[in-house]
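Observations on chain architecture
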Amino acid sequence: MQDLTDGVARFQRDVFPAKAELFAHLATHHTPDTLFISCSDARVVPELITGTEPGDLFVIRTAGNLVPAHTPEADGVAASIEYAVAALGVRDIVVCGHSACGAMTALAEGHDLSGAPAVATWLRHADASVARTSADGDVPALVRQNVLAQLANLATHPSVARALAGGGVALHGWVYDIPTGRVEVLTAGAPALAA
(Lines give C-alpha, C1' and ligand atoms only; values in the text may rest on other atoms or scores of the structure.)
Protein backbone atom coordinates (compact mmCIF):
# COMPACT_ATOMS: atom_id res chain seq x y z
CA MET A 1 0.00 0.00 0.00
CA GLN A 2 2.90 2.36 0.64
CA ASP A 3 3.79 2.20 -3.07
CA LEU A 4 0.31 3.48 -3.90
CA THR A 5 0.37 6.34 -1.41
CA ASP A 6 3.86 7.29 -2.60
CA GLY A 7 2.51 7.22 -6.16
CA VAL A 8 -0.36 9.54 -5.24
CA ALA A 9 2.11 11.93 -3.64
CA ARG A 10 4.27 11.91 -6.83
CA PHE A 11 1.16 12.44 -8.96
CA GLN A 12 0.05 15.41 -6.88
CA ARG A 13 3.55 16.89 -6.73
CA ASP A 14 4.83 16.23 -10.29
CA VAL A 15 2.19 15.07 -12.75
CA PHE A 16 -0.91 17.03 -11.80
CA PRO A 17 0.73 20.48 -11.82
CA ALA A 18 2.24 19.81 -15.26
CA LYS A 19 -1.22 18.86 -16.60
CA ALA A 20 -3.35 21.24 -14.52
CA GLU A 21 -4.91 22.83 -17.61
CA LEU A 22 -5.89 19.41 -18.99
CA PHE A 23 -7.47 18.37 -15.68
CA ALA A 24 -9.35 21.68 -15.43
CA HIS A 25 -10.81 20.99 -18.89
CA LEU A 26 -11.63 17.37 -17.97
CA ALA A 27 -13.52 18.56 -14.89
CA THR A 28 -16.32 19.74 -17.21
CA HIS A 29 -15.75 17.74 -20.41
CA HIS A 30 -15.96 13.98 -20.99
CA THR A 31 -15.56 13.34 -24.72
CA PRO A 32 -13.43 10.26 -25.37
CA ASP A 33 -13.19 9.18 -29.02
CA THR A 34 -12.54 5.51 -28.31
CA LEU A 35 -14.01 2.73 -26.20
CA PHE A 36 -11.09 0.44 -25.35
CA ILE A 37 -11.98 -3.03 -24.06
CA SER A 38 -9.04 -4.92 -22.66
CA CYS A 39 -8.15 -7.59 -20.16
CA SER A 40 -7.98 -6.88 -16.45
CA ASP A 41 -4.39 -8.17 -16.49
CA ALA A 42 -2.15 -5.68 -14.66
CA ARG A 43 0.45 -5.91 -17.44
CA VAL A 44 -1.95 -4.39 -19.97
CA VAL A 45 -2.30 -0.62 -19.53
CA PRO A 46 -4.40 0.85 -22.36
CA GLU A 47 -3.28 4.46 -21.90
CA LEU A 48 0.39 3.44 -21.85
CA ILE A 49 0.10 1.18 -24.90
CA THR A 50 -1.74 3.83 -26.93
CA GLY A 51 0.15 6.87 -25.66
CA THR A 52 -3.10 8.62 -24.79
CA GLU A 53 -3.91 11.29 -22.24
CA PRO A 54 -6.55 11.22 -19.51
CA GLY A 55 -9.95 11.66 -21.13
CA ASP A 56 -9.00 10.09 -24.49
CA LEU A 57 -10.18 6.53 -23.79
CA PHE A 58 -13.31 5.13 -22.19
CA VAL A 59 -11.98 1.85 -20.79
CA ILE A 60 -13.67 -1.42 -19.90
CA ARG A 61 -11.44 -4.11 -18.42
CA THR A 62 -12.66 -7.66 -17.93
CA ALA A 63 -10.95 -10.99 -17.37
CA GLY A 64 -10.04 -12.24 -20.85
CA ASN A 65 -11.32 -8.99 -22.46
CA LEU A 66 -14.67 -10.76 -22.68
CA VAL A 67 -17.80 -8.99 -23.92
CA PRO A 68 -20.95 -10.98 -23.25
CA ALA A 69 -23.42 -10.99 -26.13
CA HIS A 70 -26.42 -8.75 -25.52
CA THR A 71 -29.17 -10.12 -23.28
CA PRO A 72 -32.28 -8.43 -21.85
CA GLU A 73 -30.67 -8.32 -18.39
CA ALA A 74 -28.44 -5.35 -17.72
CA ASP A 75 -24.88 -5.83 -16.52
CA GLY A 76 -21.91 -3.55 -16.00
CA VAL A 77 -20.25 -4.38 -19.31
CA ALA A 78 -23.43 -3.82 -21.33
CA ALA A 79 -24.20 -0.59 -19.48
CA SER A 80 -20.68 0.72 -20.09
CA ILE A 81 -20.84 -0.15 -23.81
CA GLU A 82 -24.22 1.52 -24.17
CA TYR A 83 -23.05 4.65 -22.33
CA ALA A 84 -19.87 4.92 -24.42
CA VAL A 85 -21.73 4.54 -27.72
CA ALA A 86 -25.11 6.18 -27.08
CA ALA A 87 -24.20 8.92 -24.59
CA LEU A 88 -20.54 9.69 -25.29
CA GLY A 89 -20.65 8.99 -29.03
CA VAL A 90 -17.34 7.17 -29.30
CA ARG A 91 -16.30 6.69 -32.92
CA ASP A 92 -14.08 3.64 -32.46
CA ILE A 93 -14.23 0.53 -30.31
CA VAL A 94 -11.09 -1.55 -29.78
CA VAL A 95 -11.10 -5.04 -28.29
CA CYS A 96 -7.52 -5.72 -27.24
CA GLY A 97 -6.33 -9.19 -26.29
CA HIS A 98 -2.78 -9.89 -25.20
CA SER A 99 -0.03 -12.47 -25.07
CA ALA A 100 0.17 -14.81 -22.07
CA CYS A 101 -3.45 -14.12 -21.10
CA GLY A 102 -4.26 -16.12 -17.98
CA ALA A 103 -7.92 -16.54 -18.94
CA MET A 104 -7.11 -17.82 -22.43
CA THR A 105 -4.31 -20.02 -21.06
CA ALA A 106 -6.74 -21.63 -18.60
CA LEU A 107 -9.15 -22.40 -21.43
CA ALA A 108 -6.55 -23.54 -23.97
CA GLU A 109 -4.85 -25.83 -21.48
CA GLY A 110 -8.03 -27.07 -19.79
CA HIS A 111 -7.15 -25.86 -16.28
CA ASP A 112 -9.32 -27.04 -13.40
CA LEU A 113 -11.34 -23.99 -12.37
CA SER A 114 -13.52 -25.77 -9.80
CA GLY A 115 -11.92 -23.64 -7.07
CA ALA A 116 -12.90 -20.47 -8.93
CA PRO A 117 -16.54 -20.99 -9.95
CA ALA A 118 -17.20 -17.33 -10.79
CA VAL A 119 -14.17 -17.34 -13.10
CA ALA A 120 -15.31 -20.60 -14.72
CA THR A 121 -18.78 -19.17 -15.34
CA TRP A 122 -17.39 -15.90 -16.72
CA LEU A 123 -15.07 -17.73 -19.11
CA ARG A 124 -18.10 -19.41 -20.71
CA HIS A 125 -18.32 -16.16 -22.71
CA ALA A 126 -15.28 -17.50 -24.60
CA ASP A 127 -16.91 -20.81 -25.62
CA ALA A 128 -17.21 -19.69 -29.26
CA SER A 129 -13.54 -18.70 -29.25
CA VAL A 130 -12.51 -22.12 -27.96
CA ALA A 131 -14.71 -23.84 -30.55
CA ARG A 132 -13.02 -21.86 -33.38
CA THR A 133 -9.48 -22.65 -32.22
CA SER A 134 -8.28 -25.78 -33.99
CA ALA A 135 -5.41 -26.90 -31.77
CA ASP A 136 -5.75 -27.57 -28.05
CA GLY A 137 -3.19 -25.69 -25.99
CA ASP A 138 -2.57 -23.03 -28.68
CA VAL A 139 -2.86 -19.94 -26.49
CA PRO A 140 -1.84 -17.39 -29.18
CA ALA A 141 -4.45 -18.75 -31.60
CA LEU A 142 -7.11 -18.70 -28.89
CA VAL A 143 -6.22 -15.11 -27.96
CA ARG A 144 -6.77 -14.07 -31.60
CA GLN A 145 -9.99 -16.05 -32.01
CA ASN A 146 -11.24 -14.57 -28.76
CA VAL A 147 -10.71 -11.00 -29.93
CA LEU A 148 -12.68 -11.76 -33.11
CA ALA A 149 -15.47 -13.47 -31.14
CA GLN A 150 -15.75 -10.51 -28.76
CA LEU A 151 -16.06 -8.14 -31.73
CA ALA A 152 -18.97 -10.30 -32.93
CA ASN A 153 -20.51 -10.15 -29.44
CA LEU A 154 -20.18 -6.36 -29.44
CA ALA A 155 -22.25 -6.14 -32.60
CA THR A 156 -25.17 -7.82 -30.79
CA HIS A 157 -25.55 -4.82 -28.47
CA PRO A 158 -28.36 -2.58 -29.80
CA SER A 159 -26.43 0.68 -29.37
CA VAL A 160 -23.45 -0.76 -31.25
CA ALA A 161 -25.63 -2.31 -33.97
CA ARG A 162 -27.36 1.05 -34.55
CA ALA A 163 -24.06 2.92 -34.65
CA LEU A 164 -22.56 0.36 -37.04
CA ALA A 165 -25.59 0.57 -39.34
CA GLY A 166 -25.37 4.36 -39.40
CA GLY A 167 -21.60 4.41 -39.92
CA GLY A 168 -21.11 6.10 -36.57
CA VAL A 169 -18.67 3.61 -35.10
CA ALA A 170 -15.92 1.27 -36.28
CA LEU A 171 -14.78 -1.93 -34.55
CA HIS A 172 -11.11 -2.89 -34.24
CA GLY A 173 -9.41 -6.04 -32.96
CA TRP A 174 -5.90 -5.87 -31.54
CA VAL A 175 -3.50 -8.25 -29.82
CA TYR A 176 -0.81 -6.68 -27.65
CA ASP A 177 2.41 -8.67 -27.27
CA ILE A 178 3.79 -8.00 -23.78
CA PRO A 179 7.49 -8.88 -24.32
CA THR A 180 7.89 -6.90 -27.58
CA GLY A 181 5.34 -4.10 -27.19
CA ARG A 182 3.99 -4.87 -30.65
CA VAL A 183 0.31 -4.58 -31.50
CA GLU A 184 -1.17 -6.87 -34.13
CA VAL A 185 -4.28 -5.60 -35.89
CA LEU A 186 -6.76 -8.38 -36.62
CA THR A 187 -9.53 -6.50 -38.39
CA ALA A 188 -9.67 -6.41 -42.18
CA GLY A 189 -8.64 -3.25 -43.95
CA ALA A 190 -6.86 -1.78 -40.94
CA PRO A 191 -3.24 -0.70 -41.12
CA ALA A 192 -0.85 -3.02 -39.28
CA LEU A 193 0.68 -1.50 -36.17
CA ALA A 194 3.20 -4.25 -35.56
CA ALA A 195 6.66 -3.82 -36.99
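That block above? That's the structure.
Since the model is a prediction, treat every value here as computed from it, not as a measurement.

**A short note on the sheet that holds strand β5 (residues 183-185)**
Here we have five strands laid out as an open sheet, ordered β2-β1-β3-β4-β5, and mixed in their pairing. Looking at the sheet topology across the chains shown, the edges are occupied by β2 (57-62) and β5. Here the average twist between neighbouring strands, direction ignored, is 25°.

**What about the packing of aromatic side chains?**
Tallied over the entire structure, the rule returns five aromatic pairs. On the numbers, 5.0 Å between centres and 20° between planes, the contact of Phe-16 with Phe-23 is stacked. Look at Phe-58 and Tyr-83: their rings are 5.9 Å apart centre to centre, the planes differ by 45°, and that puts the pair in the tilted class. Highlighted residues: Phe-58 in strand β2 and Tyr-83 in helix α4 (residues 76-87), separated in sequence by 25 residues. Ring pairs connect the aromatic residues Phe-11, Phe-16 and Phe-23, which therefore count as one cluster.

**Examining the nonpolar core**
Ranked by internal contacts, the top residues of the largest apolar core, which has 33 residues, are Leu-35, Ile-37, Ile-81, Ile-93, Met-104 and Leu-154. Among the elements that line this core, the one with the most residues is helix α8 (residues 139-154), at six residues. With residues near it in sequence (within four places) discarded, Leu-35 still touches Phe-58, Ile-60, Ile-81, Ala-84, Val-90, Asp-92, Ile-93 and Val-94. Formed by nine residues, the second largest nonpolar core is a distinct cluster that contains Val-94, Cys-96, Trp-174 and Val-185.

**Things to note about the environment of Val-175**
Tracing the sequence through the fold places Val-175 in strand β4 (residues 170-176). On the accessibility criterion, Val-175 (7% relative accessible area) is buried. Once residues lying within four places of it in the same chain are set aside, the contact partners of Val-175 are Gly-97, His-98, Val-143, Arg-144, Val-147, Arg-182, Val-183, Glu-184 and Leu-186.

**Overview of the pairing of strand β1 (residues 34-39)**
Counting buried residues along β1, six of its six residues qualify, which places the element largely inside the surrounding structure. Bridging between β1 and β2 involves six bridges; their strand directions are parallel. Bridged to Ile-37 within β2 is Ile-60. Where β1 meets strand β3 (residues 92-98), five bridges bridge the pair, whose relative direction is parallel. Of the residues in β3, the one forming a bridge with Phe-36 is Val-94.

**Overview of unusual backbone geometry**
With a phi close to 45°, Asn-65 is a non-glycine residue in the positive phi region. Within the secondary structure layout, Asn-65 lies in the loop between β2 and α4. Within the chain, Ala-100 stands out as a residue other than glycine whose phi angle is a positive 55°. Structurally, Ala-100 is set in the loop between β3 and α5 (102-108). Note on Ala-100: relative accessible area 47%, which makes it partly exposed.

**Here's the deal with the pattern of salt bridges**
According to the stated counting rule, one finds five salt bridges in the structure shown. Residue Arg-43 pairs with Asp-41 through a salt bridge whose shortest N-O separation is 2.6 Å. For Arg-43, a relative accessible area of 41% corresponds to the partly exposed category. Given a relative accessible area of 15%, Asp-41 falls into the buried group. In this structure, Asp-127 and Arg-124 form a salt bridge, with 2.8 Å as the shortest nitrogen-oxygen distance. Asp-127 sits in the partly exposed class, given a relative accessible area of 35%. For Arg-124, a relative accessible area of 56% translates into the label exposed.

How each quantity is defined
- Residues numbered from 1 in each chain as written.
- Predicted model: local features only at pLDDT ≥ 70, side-chain atom pairs only at ≥ 80, totals over all residues.
- Heavy atoms only, no water.
- Pairing = 2+ DSSP bridges.
- Helix = DSSP H or I, 4+ residues; strand = E, 2+ residues; numbered from the N terminus.
- Axes fitted to C-alpha atoms, helices over the stretch in contact; angles between N-to-C directions.
- Phe/Tyr/Trp six-rings, centres within 6.5 Å; stacked < 30°, edge-to-face > 60°.
- Core = buried A, V, L, I, M, F, W, Y, C linked by side-chain atoms within 4.5 Å.
- Buried < 20%, exposed > 50% of the residue type's maximum accessible area, 1.4 Å probe, protein only.
- Contact = heavy atoms within 4.5 Å.
- Salt bridge = Lys/Arg side-chain N within 4 Å of Asp/Glu carboxyl O.

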